[in-house]
Each structure stands twice: as structure tokens, then as C-alpha cells.
Amino acid sequence: MKYANTIANPAAATVRSGRDRGWAGLLLLGTMTLSGVTQAQKAAAPADDTLTYRGITLYGIVDIGLQYQTHGAPISDYYPAGSAEIVQKNSNHSIFGVTPNNMAQSRIGLQGVEPLIGDWTAVFRLEAYFNPQSGQLSDGPRSLAANNGRSLATQTTALDSSVAGEPFEQAYLGVSSKTFGTITFGRQNTILADLISKYDPNYGSQAFSVIGVSGTTAGAGDTQDRRLDNSVKYVANFLGKIHFGAQYKFNQAYGGANNAYEVDLGGEYAGLSVDAVYSEIHDAVSAAALSATQVAALPALGYSVQNSLSGTISDNKSLTLAGLYNMGIWKFFAGAEYIQYSNPKNPLPVGYDDLGYKLAFVNLTAFPHPKQFQVFWAGVRYTVLPQLDLTGAYYGYHQNSYGSGANAGCTSNVAGTCSGRFDAISFDADYRITKRFDAYAGIMYSMVHDGLANGYIYSTHDMNPTIGIRFKF
């Protein structure tokens, strides 16, 4: 009967069939529409590609490349930059090899933010630095100790640094408010170091920036003070226009100096940003490798050759003025710092614990007259394409003649206390292949003159063509 009725009334069968197909079509259309809305919503929602869980973020940088130095020393497993990047006293022959941290310091860290009340949050950061070419924790003082007793001709790259093999180069905890600012406690960058990175046309690159590879500028005279242990730091940005900051390191605290303090004041307007920082460091340490004569004297002093260094101690004052003008695809940078070194008022003792190394020998009278040291730089960054930046920069040092006796007022290289200057120029390109992965290439040329060239028996100039890649997460 069902079959007969269907054949007997084909019109009704057609209506039912069309109605069924219509409902199916509507259902299919609805499904497709809902699916399209869901996909659109997923596409519209910003993807959180950070490694964040419950307010705690894992982050890091791995930076490695190839470099040729016309005048250098063998690459260090420990010194943060691997090579010296600029001409040094032990720069005695050409070097080619794998160098770490050319554009940025390789690191891995954790940072956290926890809401408290109102716009207040608790914040923390733990950050470790490493050399990817050797797998070692970055450690400038260890690179010095590795050269204890060695002649210039047999030394590897070795320079002082605030990065001294600590498990965490930054380790701080504090509270933050968008209205009132941020206060943190622990081991952390100085205010001056943060601003030097901001106002450097190369953003602190170690291969292409003198004020990036050398911590003299950011450390207010000595690189060990680029980061300070046992310090309290306050920074704020009022009305989005006015910068203010202050930092204090407590006396007799472990680290590269006794008490220290810094104050910053600056502002922003129509693409222009300017800051002025005053710094004062007491008992600042400039560490160096031991001579063969000093190594021979270590047994009588009870110190080991692997853990001993010499140190020049000073009280430092500095005033820094730096600015940035952002025109979009063009950014212009400039800065200058005046540093005064004086003999310490409260001398450090022999055996002082300096970033985990013993100062077996100390020089407390290195400055018969105050040493006046000037740092200046200028540069431009041009964003050719959204993914490509080109940067050109100049960096310079100048020191007065601060010696006494026969070397008073000297202008040659007969003594390190004679007046002298240092000049460097760099060019580099950085291409962002993806959000996290970029490639770079560049070169820096450096030269020393007069008093700053004292002891440079092999060469007074160097070039370091460098290429590399960097991954950030």
C-alpha cells in the first residue's frame, strides 16, 4: 500500500521529498554557519603564544653566530661575548670561530605576575645567562682567572663582567602598580643599565655596540656594577610622560661594590624620549688576571690560582644624559656620560670576596688625580621593511691625563694615565624571519689612541665581521 500510494500520487511524493531535502539543506546550512562563526571567533581571538601558566612565564633567548676578528685572542668558553669584540691588549692575531650572544645575551628565565588588590600586582624574575657555544654559564671573572700567570701572547679572551657564573644573573621580587610604579628587591640591573640599553642604537648588542659589550658605561665606571646585589629599585612612569627611578645597594653587601645609589629623571613628548641619571658607586672593583709574579706569591697568601684575581678599587661618580627620537621607520639615538674615578675613601682589604672570587691583590692608589672619563655615542636605526632593520652607530671614549710625576700631563701612550681616546663605528642588519627567529650580519671597527693604547703591543685596531641567528621564546 505504501508503494502504491506513492506511485498513485507522485506530486505528494515530490513535495515530501523536497520538504525533506529542504530541512536537510537548512540543517546543513545551519551547521556550516555555526562552524563558520566558530572558526571566525577562533581566528579573531588573539592567540597567547607565550609559555605562561597561572601568571608564570618561561622565556629565553639563544643567540649564536660566526665571527672573524682581524686582531683578537682565542674565544673564551666563559666570557659572555666569547670574543672581545673590540681591540684589547692581547689582540695578537686573527681569529675565526663560533661566538655566542652577538646580538643579545643568551638566557633562560621565569617571570611572574600575581594580582593583589586594585591595580597592584606581585612580580618576580629569575634569569640565568649562558654561552650556547660551550654550554657554560656566562662568567667574565672566570675568563680572567683562566689567564692567571699567562703572557699576553698565550691568553684567551678575558674581560671583567657583572656576569660571574651565578645561577641567576637577575633574581628579584617586588610589587607593581600602573599608578604608583614598581619596587623590587634583590639582584637586578641598575637603572642606568636599563636606560643604556634603551638609548643604544644597537640595543646593547655585544658584537656591534661598545656600550653593549663593555659594561663601563652601564656600570657607571666599572662593568661589575652593571648589576647590583642586595639592592632596592623603584621605577615609575607618571601620566605616560614622566620617568622617575631610584636604586640603592646596601653597604657591606656581597657583590662588586659597597653601597651605591642611582637617580633617574626623564620624560617623553611627540616621539622624543630623554633621561638623565646620576650614579655614585663606593669601592667599585675593576678585576684583572694575575701576573706571573703575583701567581708565584699566592701560596704564601693562602689563595688558589683558580679563584684569585687582582682588583683596582675606586669611588665612582657619573652623570649620563641620553635621548631617542622615534619617527617611525627612522629612530635617532644619542648619549653622553661623564665618569669621575677617585681613590676609595674606605679601602677594600686583600682577600675581599668579589662576586665569588678572592681579590688576592688590590690597588687602592690608582688615581693620583681624579680620572675624568667621557663616553659618547650616536646612531640611527632605519626600518627598511617591517622585518628588516639597518643600524649605523659611532661610539667613543676620552680620558684626561690623571698621572703624577714624570707622566703628569702626558698625551702619548707611554703610560695608561696619559690622556687618550677610543673610537668605534659599526653597521649591521637584522632580519626577522618569523616572530621568534631572526638572522643578522654586521661589522664593528675599533681603535685606541695615546694613553688608552698603553700596553697594546700587537695592534691598536680591530674589525669583527659577524653573522648569526637568534631564537626567542
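Throughout this description, residue numbers start from 1 for each chain and increase along the sequence as written. Per-residue local features are limited, in this predicted model, to residues with pLDDT of at least 70; the limit for side-chain atom pairs, both in listing and counting, is 80 or more; totals at the level of whole chains, interfaces and linings are taken over all residues. Only heavy atoms go into the side-chain values, all of them from the structure, while hydrogens and water stay out.

Q: Explanation requested: the environment of Gly-149 in the structure shown.
A: Under the scheme used here, helices are H or I runs from DSSP no shorter than 4 residues and strands are E runs no shorter than 2 residues, and both carry numbers assigned from the N terminus. Tracing the chain through its elements places Gly-149 in the loop between α3 (140-145) and β7 (170-177). On the basis of relative accessibility, which here comes to 32%, the residue Gly-149 falls in the partly exposed class. Distance from Gly-149 to Ala-296, taken between C-alpha atoms, is 8.3 Å for residues 147 residues apart in sequence. When residues no more than four places from it in sequence are discounted, the contact partners of Gly-149 are Leu-290, Ser-291, Ala-292 and Val-295. Relative accessible area decides the class of each residue, using a 1.4 Å probe on protein chains only: under 20% of the type maximum gives buried, over 50% gives exposed, and in between gives partly exposed. By the convention used here, residues are in contact when the closest approach between their heavy atoms is within 4.5 Å.

Q: How should the packing of aromatic side chains be read in this particular structure?
A: Aromatic rings considered in pairs are described by the distance between their centres and by the relative angle of their planes. Ring geometry is summarised as follows: Phe, Tyr and Trp rings, the Trp one being its six-membered ring, pair when their centres sit within 6.5 Å, and such pairs are stacked at plane angles under 30 degrees, edge-to-face over 60 and tilted between the two. Using the criterion set out here, one finds 15 aromatic pairs in the structure. Note on Trp-330 and Tyr-382: the rings are 4.2 Å apart at their centroids and 15° apart in plane angle, and the pair reads as stacked. Here Tyr-382 lies in strand β17 (residues 371-385) and Trp-330 lies in strand β14 (residues 330-342), a separation of 52 residues in the sequence. The partly exposed category is assigned to Trp-330, whose relative accessible area is 36%. For Tyr-382, a relative accessible area of 26% puts it in the partly exposed group. An aromatic cluster is built from Tyr-341, Phe-367, Phe-373, Tyr-397, Tyr-402 and Phe-422, whose rings are joined through pairwise contacts.

Q: What is the right way to read the pattern of salt bridges from this model?
A: Side chains that carry opposite charge are capable of pairing whenever their charged atoms lie near each other. Each reported salt bridge corresponds to a side-chain nitrogen of Lys or Arg within 4 Å of a carboxyl oxygen of Asp or Glu. Counting across every chain of the model gives 11 salt bridges. Close ionic contact of Lys-233 with Asp-194 constitutes a salt bridge, the shortest N to O distance being 2.6 Å. On the criterion of sequence distance, the pair formed by Lys-233 in strand β9 (residues 227-238) and Asp-194 in helix α4 (residues 191-199) is long-range, its members being 39 residues apart. Linked through salt bridges whose partners overlap, the residues forming this network are Glu-166, Glu-169, Arg-187 and Asp-229.

Q: Where do I start with the state of the cysteines in this structure?
A: Each disulfide consists of a covalent bond between the sulfur atoms of two cysteine residues. When two cysteine sulfur atoms lie within 2.5 Å, the pair is treated as a disulfide. The tally for this structure, following the rule as stated, stands at one disulfide. At a sulfur-sulfur separation of 1.9 Å, the disulfide partner of Cys-410 is Cys-418. The sign of the S-S torsion, about -110°, decides the handedness of the disulfide formed by Cys-410 and Cys-418: left-handed. Summarising the burial analysis for this pair, Cys-410 and Cys-418 share the class buried.

Q: Looking at this structure, how should I read the side chain of Ser-214?
A: The residue Ser-214 is located in the loop between α5 (210-213) and β9 in this model. Judged by relative accessible area, which is 16%, Ser-214 ranks as buried.

Q: How should I be thinking about the nonpolar core in this particular structure?
A: The nonpolar side chains of soluble globular proteins are, as a tendency, buried together. In plain words, nonpolar cores are sets of buried Ala, Val, Leu, Ile, Met, Phe, Trp, Tyr and Cys residues tied together by side-chain atoms within 4.5 Å. Residues Val-210, Phe-373, Val-375, Trp-377, Tyr-397 and Phe-422 are the most contacted members of the largest nonpolar core, which totals 38 residues. The element best represented in this core is α4, accounting for six residues. Leaving out residues up to four positions away in the same chain, Tyr-397 has contacts with Val-210, Ser-214, Thr-216, Thr-217, Phe-373, Gln-374, Val-375, Phe-376, Gly-420, Arg-421, Phe-422 and Leu-452. Grouped together as the second largest cluster of nonpolar side chains are 11 residues, Ala-287, Ile-313, Tyr-352 and Tyr-357 included.

Q: Would you explain unusual backbone geometry in this entry?
A: Of note in the backbone geometry, Arg-54 takes a positive phi value of approximately 55° without being a glycine. In this structure Arg-54 comes out as exposed when scored by relative accessible area, which is 70%. Phi is positive for Asn-101, which is not a glycine, with a value near 55°. Here Asn-101 is to be found in the loop between β3 (93-100) and β4 (107-115).

Q: What is the right way to look at the side chain of Glu-127 in this model?
A: One can find Glu-127 in strand β5 (residues 120-131). Judged by relative accessible area, which is 1%, Glu-127 ranks as buried. A polar contact of 2.6 Å, which involves the side chain of Glu-127, links it to the side chain of Tyr-59. Among all residues touching Glu-127, those that are not within four sequence positions of it are Tyr-59, Arg-107, Ile-108, Gly-109, Pro-167, Phe-168, Glu-169 and Gln-170. Any pair of nitrogen or oxygen atoms within 3.5 Å is treated as a polar contact; in protein, a donor-acceptor pairing is required on top of that, and neighbouring residues in sequence qualify only through side-chain atoms on both sides.

Q: I tried to follow the environment of Asn-343 on my own but got confused; where do I start?
A: Position of Asn-343 relative to the elements: it lies in the loop between β14 and β15 (352-354). Expressed as a C-alpha distance, the spacing of Asn-343 and Lys-371, which sit 28 residues apart in the sequence, is 9.6 Å. In contact with Asn-343, not counting residues within four places along its chain, are Asp-315, Leu-364, Thr-365, Ala-366, Phe-367 and Pro-368. In terms of polar contacts, Asn-343 uses its side chain to reach the backbone amide nitrogen of Ala-366, at 3.2 Å. Looking at Asn-343, its side chain comes within polar contact range of the main-chain nitrogen of Phe-367, at 3.0 Å.

Q: Explain the pairing of β17 here, please?
A: The two faces of the sheet receive side chains in turn, since in a regular strand these alternate between them. Here a strand pair is declared whenever DSSP counts at least two bridges between the two strands. Where β14 and β17 come together, 12 bridges link them in antiparallel fashion. Note that in β17 the partner of Glu-337 across the bridge is Val-375. Turn length for the β17-strand β18 (residues 388-399) hairpin, with the two strands adjacent in sequence and antiparallel, is two residues.

All quantities given are derived from atomic positions and should not be read as evidence of function.
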